[in-house]
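Structural characterization, general
Spelled out from the first residue to the last, the chains are:
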Amino acid sequence: IWKIFISIVNIVFDRVGKVDPITKTFDILVNWFGLDVDVTVWSQQISFIVVGIIVFTSTRGLLLTMSKFFIWISSSKSSNIIVLFFSQIMGMYFMSMVVLMRMNMPAEYRAIITSVLGDLQFNFYHRWFDVMFLVSASLTL
């Protein structure tokens, strides 16, 4: 429900988050409990762990789904085409994960990904992801 609300706000006001959700949540919790913790250092470590878990589980899920699909449609004559198609899907999936991960990283690491990927219109893709999420969420309700 929260992601749907935030996606609507992002689309209506054409905004892109400046602080990643883990840093924001960790900062709120530290201030609420009154702890003396370096939020920047710990939020980077927690963000790295969470992003690793997300990448691992989503890639694993994609591989399992794609392998079930390819077993269902495969034949001895179509194996080369299936391998090429599978590699194309994995490449697109990897690039989309990098763009989505960039949105949830601290600002100094966003700059690194931006320099690696070049002149890419990240705001367009972040907005596009929100629109696609809203469409898929509304269709599944």
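Everything below is about the structure printed above this text.
A short tour of the structure in this document, coming up. (Residues numbered from 1 in each chain as written. Predicted model: local features only at pLDDT ≥ 70, side-chain atom pairs only at ≥ 80, totals over all residues. Heavy atoms only, no water.)

A few points about the nonpolar core
In this structure, Leu62, Met66, Phe70, Ile82 and Ile89 together form the largest nonpolar core, which totals 5 residues. Broken down by secondary-structure element, the contributors of at least two residues to this core are helix H3 (39-73) and helix H4 (79-103). With 3 residues, H3 is the largest single contributor of residues to this core. (Core = buried A, V, L, I, M, F, W, Y, C linked by side-chain atoms within 4.5 Å. Buried < 20%, exposed > 50% of the residue type's maximum accessible area, 1.4 Å probe, protein only. Helix = DSSP H or I, 4+ residues; strand = E, 2+ residues; numbered from the N terminus.)

Some details on H3
Taking 1.5 Å of rise per residue, the 35 residues of H3 would be expected to cover 51 Å, and the 50 Å separating its terminal C-alpha atoms lies within 8% of that figure. When H3 is considered as a whole, its buried residues turn out to be Val39, Ser43, Gln44, Ser47, Val51, Ser58, Leu62, Met66 and Phe70. (Expected span 1.5 Å × (residues − 1).)

Re a nonpolar patch on the surface
Judged by side-chain polarity, Leu29, Trp32, Phe33, Leu35, Val37, Val41 and Trp42 come together as a nonpolar surface patch covering roughly 760 Å² of accessible area. Mapped onto the nonpolar patch, the elements with two or more residues apiece are helix H2 (21-33) and H3. No other element matches the 3 residues that H2 contributes to the nonpolar patch. In this structure, leucine 29 sits in helix H2. (Patch = residues over 30% accessible without salt bridge, like charges linked within 9 Å, V, L, I, M, F, W, Y side chains within 5 Å. Areas by Shrake-Rupley, 256 points an atom, 1.4 Å probe, with all protein chains shown as cover. Salt bridge = Lys/Arg side-chain N within 4 Å of Asp/Glu carboxyl O.)

Things to note about the pattern of salt bridges
Counted under the stated rule, the structure contains 1 salt bridge. A salt bridge links arginine 127 to aspartate 14, with the shortest nitrogen-to-oxygen separation between them at 3.6 Å. You can see arginine 127 sitting in helix H6 (residues 122-140) and its partner aspartate 14 sitting in the loop between helix H1 (2-13) and H2, a full 113 residues away along the chain. Since its relative accessible area comes to 33%, arginine 127 is described here as partly exposed.

Describing the side chain of threonine 23
Relative to the helices and strands, threonine 23 is located in helix H2. Setting aside residues no more than four positions away along its own chain, threonine 23 makes contact with Val39, Ser43 and Ser47. (Contact = heavy atoms within 4.5 Å.)

Considering the packing of H4 against H6
When two helices pack together, their arrangement is given by the angle between the helix axes and the distance between those axes. It is at 10 Å that the axes of H4 and H6 come closest, and there the two elements cross at 95°. The angle between the axes of H4 and H6 places the two elements in the roughly perpendicular class. Packed against H4, whose contacting residues are Ser96, Val99, Leu100, Arg102 and Met103, the element H6 presents Phe122, Tyr125, His126 and Phe129 at the interface. Split by residue class, the contact of H4 with H6 holds 6 nonpolar, 2 polar and 1 charged. (Axes fitted to C-alpha atoms, helices over the stretch in contact; angles between N-to-C directions. Parallel < 35°, antiparallel > 145°, perpendicular 65-115°, else oblique. Nonpolar A, V, L, I, M, F, W, Y, C, P; charged D, E, K, R; others polar.)

Looking at the packing of aromatic side chains
Summed over the entire model, instances satisfying the criterion amount to 3 aromatic pairs. Seen in terms of ring centroids, phenylalanine 69 and tryptophan 72 are 6.3 Å apart; in terms of plane orientation they differ by 40°. Their pairing is tilted. Placement of the pair is phenylalanine 69 and tryptophan 72 together in helix H3, with a separation of 3 residues, close to one helical turn. Arranged with centres 6.2 Å apart and planes meeting at 15°, the rings of phenylalanine 124 and tryptophan 128 form a pair that is stacked. Of this pair, phenylalanine 124 and tryptophan 128 are both found in helix H6, 4 residues apart, which corresponds to roughly one turn of the helix. (Phe/Tyr/Trp six-rings, centres within 6.5 Å; stacked < 30°, edge-to-face > 60°.)

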